[in-house]
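Reading the structure
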Amino acid sequence: MELISRMMDGSIFFRQGGGDLEPVTGSGINQDDKMELLDKVPLFKGCTRRQLRALARITGVFDAPAGKVLTRAGEPGNEFFLIIDGSARVDVSPRKQVRLRAGDFFGEMSLLDGEPRSATVVAETPVRLLFIGRRHFQSLLDDVPGLSQSLLVALSRRVRHAEKALHG
Ligand code: CMP
């Protein structure tokens, strides 16, 4: 019962593979610690304390070691991630990799279009991540001021980079 409620409130991370739910880690972090982390995320800078408190309830935190695969291209994806500490590498193609750092986010594409993960993302260093599950993502878009716009800016930037890589 406790496992289910921790999955529901986002305080435990799980991976869906072959239909199994495999806990990766639970960080034992409390709501105040989460508020402190959320307060530093540039994406949430327009949020009131009340909105941050609501965000803390739907956000999970986990730490992953260097080398950990965080999303795998072609697999279903159900979480949106924000990097709090450390860096991750997006393997966009065999020739193109992009580095993500603290303050960057990933995993939004599968939540927006329902398609499998577009790229494999790997922790380059030990990373601390915030994650928000699919069922809370829509309310996040509705409630966080400027979030949709930030996602559009990031997606436009990715299209430009992809075009440049294709056409020189
Ligand atoms: P998603 O497809 O859900 O999972 C893999 C994530 O990698 C993807 O969402 C984006 O967040 C990220 N990603 C994919 N392509 C790029 C890119 N060209 N630059 C930066 N991040 C990317």
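Structure shown above.
I will try to describe carefully the structure that is included in this document. All values reported here derive from a predicted model rather than from experimental measurement.

**As for the site of the ligand**
The ligand sits among 14 residues. The nearest are Gly-107, Glu-108, Ser-110, Arg-117 and Ser-118. In this structure, Glu-108 approaches the ligand through a side-chain N or O atom, which is 2.7 Å from an oxygen atom. In this structure, an oxygen atom belonging to the ligand sits 2.8 Å away from a side-chain N or O atom of Arg-117. Protein coverage of the free-state accessible area of the ligand, which is 460 Å², stands at 93%. If one sorts the elements of the shell around the ligand by residue count, helix α4 (residues 108-113) sits on top with three residues. Its residues assigned to classes, the shell around the ligand shows seven nonpolar, four polar and three charged.

**What to know about the sheet that holds strand β6 (residues 88-91)**
Taken together, the four strands give an open sheet; going across it, the order is β4-β9-β6-β7, and neighbouring strands pair in antiparallel fashion. The sheet is open, and its two borders are formed by β4 (69-71) and β7 (97-100), each paired with just one other strand. For this sheet, the mean angle separating the axes of adjacent strands, direction not counted, is 30°. Pairing of β6 with β7, which is carried by four bridges, proceeds in the antiparallel orientation. Paired with Val-90 across the strands is Val-98, a residue of β7.

Cut-offs applied
Residues numbered from 1 in each chain as written. Predicted model: local features only at pLDDT ≥ 70, side-chain atom pairs only at ≥ 80, totals over all residues. Heavy atoms only, no water. Near = heavy atom within 4 Å. Polar contact = N/O pair within 3.5 Å; in protein donor to acceptor, adjacent residues only side chain to side chain. Areas by Shrake-Rupley, 256 points an atom, 1.4 Å probe, with all protein chains shown as cover. Helix = DSSP H or I, 4+ residues; strand = E, 2+ residues; numbered from the N terminus. Nonpolar A, V, L, I, M, F, W, Y, C, P; charged D, E, K, R; others polar. Pairing = 2+ DSSP bridges. Axes fitted to C-alpha atoms, helices over the stretch in contact; angles between N-to-C directions.

Any link to function would need more than the numbers given here.
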